[in-house]
Amino acid sequence: MEKITEKLLLEKGAPKTNKLEQIKTLNLSRMALKPQDLPVRLLCRLQSLERWDLSGNRLQELPTNLELPALRYLDLTDNQMEDVTTLESLSGLEELKMEDNLYITVSDNYKLMVLLPKLRIYNGKDVSTTANHLRFVYSENLRTRIVAVWEKSFSLPDPITAEKMSDLEKNFVNTARQQVKYGPNSVSDFTKWKVEIIAKEYLSSLTEPKEEPERKESTDTKENSDVSTPTKRKQTASVVDSSISLTPRKKSRTDLPASPVEASPRKSSRKLQTLTQTSTVRMSPRKISQPPSTPTRGQTRAETPKRASKVRQTKEDDGAQIKQKNRTEDVLSTIKICSKTQPVSLKPLHVLQCHSKQDSSEDFSTQLWACAFQPLPDSTGAGGGSRLVATCGGDSLCVIDCETGMVMKKYKVSGEEFFSLAWSTVLMSRGGGASAQHCSILAAGGKRGLVKLIHPRNNVAYGEFRASRKALSVLRFNHHQGNFLFTGSYDNKIVMWDIGGVDSQYNYKVIQLLVLEVSATPLHICLPPTSPNSHLLTACEDGLHCYNTQLGTNNTTKSRSEEMEITFPIYKKEDKDHDYHTIDGLSFLTDDIVASKNYMHGSIYLWSWSRTKAQRPDKKDRTVSAVVLAELQWAHTEIPYLALNTCPGKAYIVCGDDKGRLWTYHITNLQKNSFQTGKPIQPTEVLEWPTPVRKGLGQVEGPSINSVAMDPELRFLVALSDKNMVIVWKREESS
C-alpha cells in the first residue's frame, strides 16, 4: 500500500522526479482523500516540498507530527477540517487557504495565527497585524490575568511530588479557564484554549525556571477589530432589488441557460437558472415548464455539508453590516381567482433580489431559506406591526416592509450562510428608575454555528453567541416566554437557551438550560400552543420526535433523550427506493391540529396532537401512530425541504412546490373521519408562479419555494425561492 502511495506522490509531484525528497510542488486536489490516506512516514520524506494543494478532499485533520520544514504554502480549501491544532508542526507556513471548511470558526482562525508563527497570508488576506496582536498583546493580557489567579488562590505544595503537581495543575488550569475573561464572546473558545496553554507553561516555569527568550515588543498596542467587541454599525447603503411588473404575455421568450449553483448544506445538487445582463424584472401570468433537475435523497443537505459561498474573514465578521434600500416603482395587476369558494384572493405585489452576493442584480443563485413576520407589538403599541417580514439567505438577513417593498434593514456577515431566523419580544431596561420596555429582536444563525442577536428598530446587531460547532439548521423562540430560544444543529442536538433581556447599553447574558439529544438533523421545531413549556416537537431527517422540556427547580443544564416518536401511515409503503421518514414541513394549524409533510409523499397530513399523545397511557412504548384527521393533496416531487406554514387565525395552510407554485388550503370544517375515505382533499387553490421575465432575455422558470410565511391577518404572504427571489403576495380586498 505504501508503494502505491509513494508512486502516486511521485506522479503528482512537479517537476517530475524519481525521489520524494526532491518534490517541491505537490497537487493532490479533488482526490477524495481522507486523513488515513496521508501516511506520515512517507510524507515526512517530502523535505523539499514548498507548495502543497490538498483542496477539494474530505480531510477533517492532518496527520499529527507532520514535519515539512520547507513548506511555505498550503491549500486546504473545500475540505471538512475540524481540528486545526494538527497543523502546528508546519511551523514554516507563510500562506494558508482554509476557505469552504464548514466547521472552521473564528476561534479556529485565531488558533492558526498563534500556532503558525510565520503565517502572513490567510485566505488571501494579510493577517500580520492581527496575528502579531494575538501572539503578543492578547497573550500577554491573558498571562497577566492567569498570574493574578495563581497569586490569589494557589501555591506550590511542600514537598513537591509528581502526584501533588498533577492535581495542582488540573485545579489551576480549570480555575483559570473559568475565571479569566478577555475579548469578545465570539472567540471564547480560543481564549479558553490559550488560557490552558499559558497556565500550564506558567506552572512549569515555577518548578523548572528557564531563561525566557527576548520577546519582540508589539507596536500594535490598541485593540485590533478582529478581537475586540463587535461595533454597532449605523452606516447605510443601497441594496439591489428587482421589483416586479405584471404585464400580459404577448410572445414567447427564449429559454435561459442553466447554470449550477454553488453547493450548500441545504440543497447541494440543485441546478438553478442563472440570469445575466439587465436587472429589470417583469411578470408574465403564463404557466411554466418542469424544472430541469431533481436531486436524489442521497444528494440532499445533510449528506453533503458544503458551502454556498467562500469564507472571507474580514473586520465585519464580528458585527453585522446594516444597509438601507432604494426601491424601484412597481406596476401592479390582478391575478384572477377561478374558485368562488376561495376565502381570500392573493395577488403578487413585489419580487425582491435583496440577498444578492456583492449586491449584484445578476445573482439569481443565492438560495433563501427562512422568513417570519414580526410579531404584533405587546403592550406599548409601538413597532411596525405585522407588515414587516424578516428573510434570510446567503450571507445576509433582511427586514422588508411588505406594503411598500422597501428593505428597511439589511444585515450582512461575511462568510456566513444563514439558514434560519426567529422573532421574539424581550424586555429592555432603561436605567435611572425608568420601567423596562418591550422590544422586538431577531435571532439568526447558519453554517458558522453562531446565533446573531439583532434589535432592528435601533439598527443594532448587539451580540452573538456560539450555539454549536456545527451549522445551525433551525431556531425557534418560546413566545410564551420570549427569552427562551431553541437552536437545532447538524451535530444532532437541540439546545434550549435563556438569552435574557438587554439594557440600554445592550449588555446581555446567555445561559444554556437544556440539551436534547436528537437522532438526526432537526429541520423544524414546534412548541404545542397548549404546553409550550413542557413539550417540543421536532421534524428531523429520520422522523418526528417529541421531547419533554419541563425545567427542574434548579434550572441546571441537563441532557435528555426523546420521549416518543410519532409515526405516519406512509411509512408502511417504504421500500429500498422510497424513504418517507424525513419530515420537512411542520406547523400547528390550531391548538391541537398539526400539519406535517413527509418528503416525497405528495400529501400533507393533518393530525391531532392531543389524541396522538393520549395513546401512551403507560408511557412505556416510545413509538405512537399519529391520529390522522385528513390528508391534503400536494405536489409530487423529490425536491426536499419545501417547508409548509399555517395561518391559524384564518385557518389557512400554504406550501410551495418545485415549480414556483403555492398550494393553499382553507380548512373550515374538518371532519374527524375524513381520512377514512382514502381520498386526499384537493387544495382550495394553487397559485401559479407569476413568471418574472428579464427584458430581452426571457422568463424566469418557476423555482423551488423553500419557505413561506403569512402575517396573522393574512394580509400578506411571503415566499422564498432558491433563485434569490423574495415574492410578496397581498390579499386583494373584495369589492
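Up top is the structure.
Residues numbered from 1 in each chain as written. Predicted model: local features only at pLDDT ≥ 70, side-chain atom pairs only at ≥ 80, totals over all residues. Heavy atoms only, no water.

A.B. asks: An account of the overall build of the protein chain is requested, with residue identities and associated values reported.
C.D. replies: Secondary structure assignment for the protein chain yields seven helices and 43 strands. Every one of the 735 residues in the protein chain was classed for burial, and the buried ones make up 56%. (Helix = DSSP H or I, 4+ residues; strand = E, 2+ residues; numbered from the N terminus. Buried < 20%, exposed > 50% of the residue type's maximum accessible area, 1.4 Å probe, protein only.)

A.B. asks: Residues and numbers for the environment of Leu 346, please.
C.D. replies: Assignment of secondary structure puts Leu 346 in strand S12 (residues 345-352). Exposure remark for Leu 346: the relative accessible area of 1% places this residue in the buried category. Put simply, Leu 346 and Arg 731 are 385 residues apart on the chain and 4.4 Å apart in space, counted from C-alpha to C-alpha.

A.B. asks: If you had to explain the environment of Ser 128 to someone new, which residues and values would you point to?
C.D. replies: The topology assignment puts Ser 128 in helix H4 (residues 128-153). For Ser 128, a relative accessible area of 23% gives the class partly exposed. Separated by 15 residues in the primary sequence, Ser 128 and Met 113 have C-alpha atoms spaced 8.8 Å apart.

A.B. asks: How would you explain the sheet that holds strand S19 (residues 450-455) if you had to name every residue and give the values?
C.D. replies: With antiparallel pairing, four strands are arranged side by side in an open sheet as S17-S18-S19-S20. Two strands close off the open sheet at either side, each with one partner strand: strand S17 (418-428) and strand S20 (460-466). Ignoring which end each strand starts from, the neighbouring axes of this sheet average 25° apart. (Pairing = 2+ DSSP bridges. Axes fitted to C-alpha atoms, helices over the stretch in contact; angles between N-to-C directions.)

A.B. asks: Hey, could you go over the pattern of salt bridges for me, with residue numbers and the actual values?
C.D. replies: One pass over the full model with this rule turns up 17 salt bridges. Among the ionic pairs, Lys 200 bridges to Glu 196, the shortest N-O distance being 3.2 Å. With a gap of four residues between them, Lys 200 and Glu 196 both fall in helix H6 (residues 188-207), about one helical turn apart. On the accessibility criterion, Glu 196 (27% relative accessible area) is partly exposed. Among the charged side chains, a salt-bridge network with shared partners connects Asp 108, Lys 111, Asp 189 and Arg 469. (Salt bridge = Lys/Arg side-chain N within 4 Å of Asp/Glu carboxyl O.)

A.B. asks: Can you tell me about the sheet that holds strand S41 (residues 705-710), naming the residues and giving the values?
C.D. replies: One open sheet accounts for four strands, arranged S12-S43-S42-S41; its pairing is antiparallel. Looking at which strands have only one partner, the edges of the open sheet turn out to be S12 and S41. Mean inter-strand twist for the sheet, computed between neighbouring axes without regard to direction, equals 20°. With five bridges connecting them, S41 and strand S42 (residues 716-721) associate as antiparallel partners. Bridged to Met 710 within S42 is Leu 717.

A.B. asks: Report on a nonpolar patch on the surface, specifying residues and quantitative values.
C.D. replies: On the surface, Leu 156, Ile 160 and Leu 206 cluster together to form a nonpolar patch covering roughly 220 Å² of accessible area. In this structure, Leu 156 sits in the loop between H4 and helix H5 (162-179). Of the residues examined, Leu 156 reaches a relative accessible area of 32% and is grouped as partly exposed. (Patch = residues over 30% accessible without salt bridge, like charges linked within 9 Å, V, L, I, M, F, W, Y side chains within 5 Å. Areas by Shrake-Rupley, 256 points an atom, 1.4 Å probe, with all protein chains shown as cover.)

Interpretation note: all reported values are geometric properties and have no functional meaning in isolation.
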